[in-house]
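Here's the letter readout for the chains.
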Amino acid sequence: MLLNSLLDQQVVFFGGKGGVGKTTCSSAFSLAASRLGHRVLLVSTDPAHSTTDIFETPIGSTERELQPGLSALEIDAEGEAARYVAGVKQDIQRMFSPSVVRQAHSQIEMAAASPGLLEVALLDRMIDLIVNRAGAYDTIVFDTAPTGHTMQLLRMPEAITTWIQALIRHRRAILELDRGVEQTRKAAAAADPVLEALERRHERLSRLRTIITDRRRTSFVLVSVPERLVIEETARAADQLAETGVDVGGLIVNRVLPEGLEGEFYQSRKAQETVYLREIEHRFPRLPRVVVHQRPRDVYGLASLALVSGQLVSPEGASTRRGKH
Ligand SMILES: Nc1ncnc2c1ncn2[C@@H]1O[C@H](COP(=O)(O)OP(=O)(O)OP(=O)(O)O)[C@@H](O)[C@H]1O
Ligand SMILES: [Mg+2]
C-alpha cells in the first residue's frame, strides 16, 4: 500500500526532526508521483535548500520544471520578507496621510528586523502556493524545516485569524457598522480600504485552513528513524497535528538497516533497532507505516532517489481514492 493513497492529495507535507530524511523522502515521493503521470510541484521551505543538492541542478525561488511533470521551487524567505515589507508599506501609503506614513515606516523597519517576520513571509508564500497554484498541479509537496517550526506555521492561520477578526470588529466599530447586516458589511469593505484589506486577508486564511484541515485534500507525512529521541518528537508532532485538525497520512521509518548483515557492530545496532521498531508499531498503531532502508551511501541524483521512490510508492495500482466518491 505504501504512500500511494497520498497521490490523490492536493497538498502533502513532509515533516519531522532535523536530519531524519525529510528532503530525501519528499523528493523521492515527488519523483515517483511525476513518473506515474501526476503533475507535481515540490516546494522546499527549508533555508538550507537541499533540493538543489539532491536533484543536482539549481532550483530557484520560482517554479521550474526538472523532469516531465515535476516542477520545484525553493522559497527564499528573506526575499519574501523584503517583498512583504514593501507591500505593507505600499498598503499604508495608500490608506493613510503622509505624517502617519512616515511614523509607520519607522515602526515597520523595526518590525522588519524581528525574527518572526521570516516565518510570516514564508507562511504567506506557502498560502499563496496552496490557495493560488493548486489548480496548476495535481499535488503540491512541501519539504519542510524541522518539526517545531512547521507546527507553528500550520497553527499560524488559526492564531492570525483570531487576531484579524478582532481587528475587523474594531474597525467596524470605528466605522459604526456593527449592526451586522451582510450587505452593509460588503459595502463597508468596498468603501474602507483598511476593512477591505483585513477582510481579504481573513478570507485567504480561511481558505487555507479549509484546505489544510480537509483530509481528502491535505495530508502530513511524518518522517522518522528508529531512535528514541526521534520517536518522542514524532509522537509530539502527531498529537499536535491531530489537535490542529491536519490528517497524518503516513509515517516513514527511514534508515532501517538491511537484513542479514554480520558482525558485532551490526548485531548490536540491529538489536536496538528492533526494540525501537516495535515501539513505533506500538505507539502509532493507526498510522500507515512505510520502511525505507538505510542505503550504503547518501541519497542524491535521480538514480539513487528512484531507489527510495520505489520504497515509498508502488508503480502498480497507482492510487486508491481515499474517501472520495
Ligand atoms: N535511507 C537513507 N540512506 C542513506 N542516506 C540517507 C537516507 N535518508 C537520508 N539520507 C542522508 O541523510 C542526510 C540527511 O537527509 P535529508 O537532507 O533528507 O534530511 P532532512 O530531514 O531533510 O534534514 P534537515 O532537517 O536538515 O532538513 C542526507 O545526506 C541524505 O542523503
Ligand atoms: Mg531538509
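Preceding this section is the structure that the text describes.
Residues numbered from 1 in each chain as written. Chains lettered and ligands numbered in written order. Predicted model: local features only at pLDDT ≥ 70, side-chain atom pairs only at ≥ 80, totals over all residues. Heavy atoms only, no water.

Novice: Outline the overall build of the chain, supporting the account with residue identities and numerical values.
Specialist: Secondary structure summary: the chain contains eleven helices and eight strands in total. Its C-alpha atoms give the chain principal-axis dimensions of about 75 × 40 × 35 Å. Buried positions account for 48% of the 325 residues belonging to the chain. Taking the 40 positively charged and 40 negatively charged side chains of the chain as two groups, their mean positions are separated by 4 Å. (Helix = DSSP H or I, 4+ residues; strand = E, 2+ residues; numbered from the N terminus. Buried < 20%, exposed > 50% of the residue type's maximum accessible area, 1.4 Å probe, protein only. Lys, Arg positive; Asp, Glu negative; His and termini not counted. Charge placed at Lys NZ, Arg CZ, Asp CG, Glu CD.)

Novice: I'd love a proper account of the packing of helix α5 (residues 116-133) against helix α8 (residues 193-212), names of residues and values included.
Specialist: Running from amino to carboxyl end, α5 crosses α8 at an angle of 70°, the nearest separation of the two axes being 10 Å. Taken together, the axes of α5 and α8 lie roughly perpendicular to each other. Both α5 and α8 take part in a crossing whose hand is left-handed. In this structure, α5 contributes D124, I127, D128, I130, V131 and N132 to the contact, and α8 contributes R201, R204, L205, R207, L208, I211 and I212. Each residue belonging to the contact of α5 with α8 can be placed in one class, and the counts come to seven nonpolar, one polar and five charged. (Axes fitted to C-alpha atoms, helices over the stretch in contact; angles between N-to-C directions. Parallel < 35°, antiparallel > 145°, perpendicular 65-115°, else oblique. Left-handed = near helix turned anticlockwise from the far one by under 90°. Contact = heavy atoms within 4.5 Å. Nonpolar A, V, L, I, M, F, W, Y, C, P; charged D, E, K, R; others polar.)

Novice: Explain helix α9 (residues 228-244) residue by residue, including any values.
Specialist: Taking 1.5 Å of rise per residue, the 17 residues of α9 would be expected to cover 24 Å, and the 25 Å separating its terminal C-alpha atoms lies within 8% of that figure. Of the positions making up α9, those classed as buried are V230, I231, E233, T234, A235, A237, A238, L241 and T244. Positioned one or two residues after α9, G245 has a phi angle of 90°, which is positive. (Expected span 1.5 Å × (residues − 1).)

Novice: So what's going on with helix α11 (residues 302-312)? Which residues, and what values?
Specialist: Of the positions making up α11, those classed as buried are S304, L305, V308, S309, Q311 and L312. Seen from one end, α11 has its buried residues packed into an arc of 160°, which puts them on one side. Lining the buried residues of α11 we find α1 (22-35), α2 (51-54), β7 (248-256) and β8 (289-293). (Arc of directions from axis to C-beta.)

Novice: Residue-level account of the sheet that holds strand β3 (residues 64-67), with values.
Specialist: Taken in spatial order, the eight strands make up an open sheet running β3-β4-β2-β5-β1-β6-β7-β8, and their pairing is mixed. Of all the strands in the sheet, the pair left with one neighbour each is β3 and β8. Direction aside, neighbouring strands of the sheet carry axes that sit 25° apart on average. Two strands pair when backbone bridges link them, and strand β2 (residues 40-44) and strand β4 (residues 70-74) are joined in this way by five bridges, in the parallel orientation. Its bridge partner being in β4, L41 is matched across the sheet by S71. On the sheet, α1 packs against β1 (11-16), β2, β3, β4, β5 (139-143), β6 (218-224) and β7 and is oriented at approximately 155° with respect to β1. Lying on the sheet, α11 is in contact with β3, β7 and β8; it crosses β8 at an angle near 150°. (Pairing = 2+ DSSP bridges.)

Novice: Go over the site of ligand 1 with me, naming the residues and quoting the values.
Specialist: In the region of ligand 1, 18 residues are neighbours, and G19, K22, T23, T24 and R255 sit closest. In the environment of ligand 1, a nitrogen atom lies 2.9 Å from a nitrogen or oxygen atom belonging to the backbone of R295. In isolation ligand 1 has 630 Å² of accessible area, and contact with the protein removes 82% of it. Those elements giving two or more residues to the shell around ligand 1 turn out to be α1, β7 and β8. (Near = heavy atom within 4 Å. Polar contact = N/O pair within 3.5 Å; in protein donor to acceptor, adjacent residues only side chain to side chain. Areas by Shrake-Rupley, 256 points an atom, 1.4 Å probe, with all protein chains shown as cover.)

Novice: Please give an account of the environment of E243 that cites residues and values.
Specialist: Checked against the element boundaries, E243 lands in helix α9. Linking E243 and R155, residues 88 residues apart in sequence, is a C-alpha distance of 9.7 Å.

Novice: Outline the packing of α1 against α11, supporting the account with residue identities and numerical values.
Specialist: For the pair α1 and α11, the least separation of the axes is 8 Å and the interaxial angle reads 85°. Comparing their axes, α11 and α1 come out roughly perpendicular. Together, T24, C25, S27, A28, F29, L31, A32 and R35 of α1 and L302, L305, A306, V308, S309 and L312 of α11 make up the contact between the two elements. Tallied by class, residues from the contact of α1 with α11 come to ten nonpolar, three polar and one charged.

Novice: A description of the nonpolar core should follow, citing residues and the corresponding values.
Specialist: Residues F13 and F142 are the most contacted members of the largest nonpolar core, which totals 47 residues. One finds C25, V40, F55 and V313 within the second-largest nonpolar core, a separate group that totals 33 residues. (Core = buried A, V, L, I, M, F, W, Y, C linked by side-chain atoms within 4.5 Å.)

Novice: Outline the pattern of salt bridges, supporting the account with residue identities and numerical values.
Specialist: On inspection of all chains with the given rule, the structure shows 16 salt bridges. For D247, the salt bridge goes to R215, with nearest N and O atoms at 3.0 Å. Taken together, the residues D247 in the loop between α9 and β7 and R215 in the loop between α8 and β6 connect sequence positions 32 residues apart. Classification of D247 as buried rests on a relative accessible area of 5%. Looking at R215, the relative accessible area reads 54%, which means it is exposed. Between E232 and R283 there is a salt bridge whose closest N-O contact spans 3.0 Å. With E232 in helix α9 and R283 in helix α10 (residues 264-283), this residue pair connects regions lying 51 residues apart in the sequence. Residues joined in a network through salt bridges with shared partners are E80, R83, R125 and D128. (Salt bridge = Lys/Arg side-chain N within 4 Å of Asp/Glu carboxyl O.)

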